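Listed below, chain by chain, are the residues.
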Amino acid sequence: FLDVENEELSKINIHTTNWKNNTELLLETIANAKKIGGSKGKLLEQQKRVQYPIDPEDCFMSTEGNIFPGMEAQLRKNEILESGDTGKKVYLSEDSLGKISYTLSNKDIAEYPHPGGFIDAPALMFEELPEKKPVDYLYLAGFDDYKQDESSTDSIGAFYIYKVNIGSDEWCGRIVFSMATRPDPRDKIYRQMFLAMKAYNAKCFMENADSGFKEYLDRKRVADFWLVESFDFKSDMTVKSTGRRKYGWTPTVQNISFLKNLLKSYLTAEHTIIEDGEERVVLGVDLVNDVALLDELITYKPDNNVDRITAFMSCLGYEYYAFNNYMLPKLERKKENQENKPKKQERTMMDRMFGNSGRTKKYF
């Protein structure tokens, strides 16, 4: 093995690994697992990656201590990176007539975990900006701000716009716009958020521990219109919160636990999608397109700083409230085109997330 000419050493048998051949074999096994498809193929791929990691990230494919489906999130991340469909990196702007448009950017997205300091990262746009103003409550926004005086921490401002799960098109039940950044000055993130909210007609439900965005909207005298008032998750969802803060949700232990369970239900619920003309059942985690959010889900631990998770939970919390108060829009279906008729399975994710209350569903 060492090419040393020695009679004694030549008597020793050495077993060496054929790294090239074994790697090719593992890649072939993973490819065959993907061809199987469905939950069986996904489970087989997970097992092979965990048992024989060929990528450093495969070593983190464990659900120990993680309440979210970490391995499934890792597979979803791999799928996105392989396809290259990571969203458009954009900055929004508004002209003198009030039309909102975007400019493509080649700047880096904020990585997870954020190393600290300022970063002026662009937003990620997955669904194109609407041509006309969407109906109310079709899009909802969630936001988790950062402490203004702690620029050295790994905390960033995380903002999402989510299209509610009413089954009208492929983007329902998905994040359509995301931003994670920590610019200087701070108002840069607030302006981008405000433009996105106007473009998608999305009111914002945020964690109310910080009030910077409210103060920004107060200066424009529009906070009452664009921010969602506080409500109590403990109640029947029709009772407004009696807390001191007028907007958003208070990060109590009970509220955080409720929203995390809501997110877990979203990620693990089954959902029927149409792909290449065929129906396919996927998990909610397979609808997540934001790679950095998937990173937070993959490595989640209770003491981690999870700004993106918090922002997305805010969206789901407001969808839960809107669903229980019959606020979600009723979209007309074309009677002449029965192929576009939503399948019963498409309601599965919402039913499993929010439970079957026994009342008639009115969100179609």
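Residues numbered from 1 in each chain as written. Predicted model: local features only at pLDDT ≥ 70, side-chain atom pairs only at ≥ 80, totals over all residues. Heavy atoms only, no water.

Participant: I tried to follow the overall build of the protein chain on my own but got confused; where do I start?
Facilitator: The number of helices and strands found in the protein chain is 10 helices and nine strands. Per-residue burial for the protein chain yields a buried fraction of 45% across its 364 residues. Pairs at least 24 apart in sequence give 64% of the contacts found in the protein chain among residues at least 6 apart. (Helix = DSSP H or I, 4+ residues; strand = E, 2+ residues; numbered from the N terminus. Buried < 20%, exposed > 50% of the residue type's maximum accessible area, 1.4 Å probe, protein only. Contact = heavy atoms within 4.5 Å.)

Participant: What should I look at first to understand the packing of helix 8 (residues 291–298) against helix 9 (residues 307–324) in this one?
Facilitator: Helix-helix packing is described using two parameters, namely the angle between the two axes and the distance between the axes. Between helix 8 and helix 9, the least distance of the axes is 8 Å, while the angle of their chain directions is 105 degrees. The angle between the axes of helix 8 and helix 9 places the two elements in the roughly perpendicular class. Contact with helix 8, carried on its side by Ala-292, Leu-293, Glu-296 and Leu-297, involves Asp-307, Arg-308, Ile-309 and Phe-312 of helix 9 and no other residues of that element. (Axes fitted to C-alpha atoms, helices over the stretch in contact; angles between N-to-C directions. Parallel < 35°, antiparallel > 145°, perpendicular 65-115°, else oblique.)

Participant: Any chance you could explain the sheet that holds strand 4 (residues 139–144) here in plain terms?
Facilitator: Adjacent strands of a sheet form backbone hydrogen bonds with each other and so pair up, either parallel or antiparallel. Read from one edge to the other, the open sheet built from seven strands follows the order 2-1-3-6-5-4-7, with strand pairing classed as mixed. In the strand order of this sheet, the two ends are held by strand 2 (100–104) and strand 7 (203–206), each with one partner. This sheet shows a mean twist of 30 degrees between the axes of neighbouring strands, independent of strand direction. Two strands pair when backbone bridges link them, and strand 5 (residues 157–163) and strand 6 (residues 174–181) are joined in this way by seven bridges, in the antiparallel orientation. Pairing of Tyr-160 across the sheet is with Ser-178, part of strand 6. (Pairing = 2+ DSSP bridges.)

Participant: Could you clarify how one ought to interpret helix 7 (residues 253–268) in this entry?
Facilitator: For an α-helix the count is 3.6 residues per turn, leaving residues at separations of three or four pointing the same way. Across its 16 residues, helix 7 extends 23 Å between first and last C-alpha, which sits within 8% of the 22 Å expected from 1.5 Å per residue. Along helix 7, the positions that sit buried rather than exposed are Asn-255, Leu-259, Lys-260, Leu-262, Leu-263, Tyr-266 and Leu-267. Projected down its long axis, helix 7 carries its buried residues within an arc of 160 degrees, all on one side. (Expected span 1.5 Å × (residues − 1). Arc of directions from axis to C-beta.)

Participant: Can you help me understand the pattern of salt bridges in this one?
Facilitator: Pairing is possible between side chains that carry opposite charge, provided their charged atoms lie close to one another. The final tally for this structure, using the stated rule, is 15 salt bridges. Linking Asp-120 and Lys-188 is a salt bridge whose minimum nitrogen-to-oxygen distance equals 3.5 Å. Of the two residues, Asp-120 is situated in the loop between strand 2 and strand 3 (123–125) and Lys-188 in helix 4 (residues 187–200); the sequence distance between them amounts to 68 residues. Relative accessible area serves as the criterion here: at 27%, Asp-120 is assigned to the partly exposed category. Across the salt bridge formed by Arg-219 and Asp-187, the nearest N and O atoms sit 2.9 Å from each other. Here Arg-219, found in helix 5 (residues 212–220), pairs with Asp-187, found in helix 4; they are 32 residues apart in sequence, far enough to count as distant. Under the relative-accessibility criterion, Arg-219 is labelled exposed at 52%. For Asp-187, a relative accessible area of 34% gives the class partly exposed. Members of the salt-bridge network, linked through shared partners, are Lys-107, Asp-120 and Lys-188. (Salt bridge = Lys/Arg side-chain N within 4 Å of Asp/Glu carboxyl O.)

Participant: Looking at this structure, I do not really get the packing of helix 3 (residues 70–83) against helix 8. What am I missing?
Facilitator: With their axes 8 Å apart at the nearest point, helix 3 and helix 8 run at an angle of 155 degrees to one another. With respect to each other, helix 3 and helix 8 are oriented roughly antiparallel. Judged by the sense of rotation from one axis to the other, the crossing of helix 3 with helix 8 is left-handed. Contact with helix 3, carried on its side by Gly-70, Ala-73, Gln-74, Arg-76, Lys-77, Ile-80 and Leu-81, involves Val-291, Leu-294, Asp-295, Leu-297 and Ile-298 of helix 8 and no other residues of that element. In terms of residue class, the contact of helix 3 with helix 8 is made up of seven nonpolar, two polar and three charged. (Left-handed = near helix turned anticlockwise from the far one by under 90°. Nonpolar A, V, L, I, M, F, W, Y, C, P; charged D, E, K, R; others polar.)

Participant: For this particular structure, what's the right way to read unusual backbone geometry?
Facilitator: Trans peptide bonds make up most of the peptide bonds, and negative phi angles are found at most residues other than glycine. With an omega of -5 degrees, the peptide bond running from Tyr-112 to Pro-113 counts as cis. Within the secondary structure, Pro-113 sits in the loop between strand 2 and strand 3. The omega angle of the peptide bond from Asp-184 to Pro-185 is 10 degrees, so this bond is cis rather than trans. With phi around 60 degrees, Arg-221 is a residue other than glycine that occupies positive phi space. Mapped onto the elements, Arg-221 comes out in the loop between helix 5 and helix 6 (223–226). For Arg-221, a relative accessible area of 79% puts it in the exposed group. One non-glycine residue, Tyr-326, lies in the positive phi region at around 55 degrees.

Participant: What is the right way to look at the packing of aromatic side chains in this model?
Facilitator: Each aromatic ring pair is described using two quantities: the centre-to-centre distance and the angle formed by the ring planes. A complete count under the given rule lists 23 aromatic pairs for this structure. An aromatic cluster of three or more residues is present, and its members are Tyr-139, Phe-143, Phe-159, Phe-177, Tyr-190, Phe-194, Tyr-200, Phe-213, Tyr-216, Phe-225 and Trp-226. The ring of Trp-171 has Arg-174 sitting right over it, with the charged end atom 5.6 Å from the ring centre. Sitting over the face of the ring of Trp-226, Lys-203 holds its NZ or CZ atom 5.9 Å from the ring centroid. (Phe/Tyr/Trp six-rings, centres within 6.5 Å; stacked < 30°, edge-to-face > 60°. Lys NZ or Arg CZ within 6 Å of the ring centre and 35° of its normal.)

Taken by themselves, the reported measurements are silent on function.
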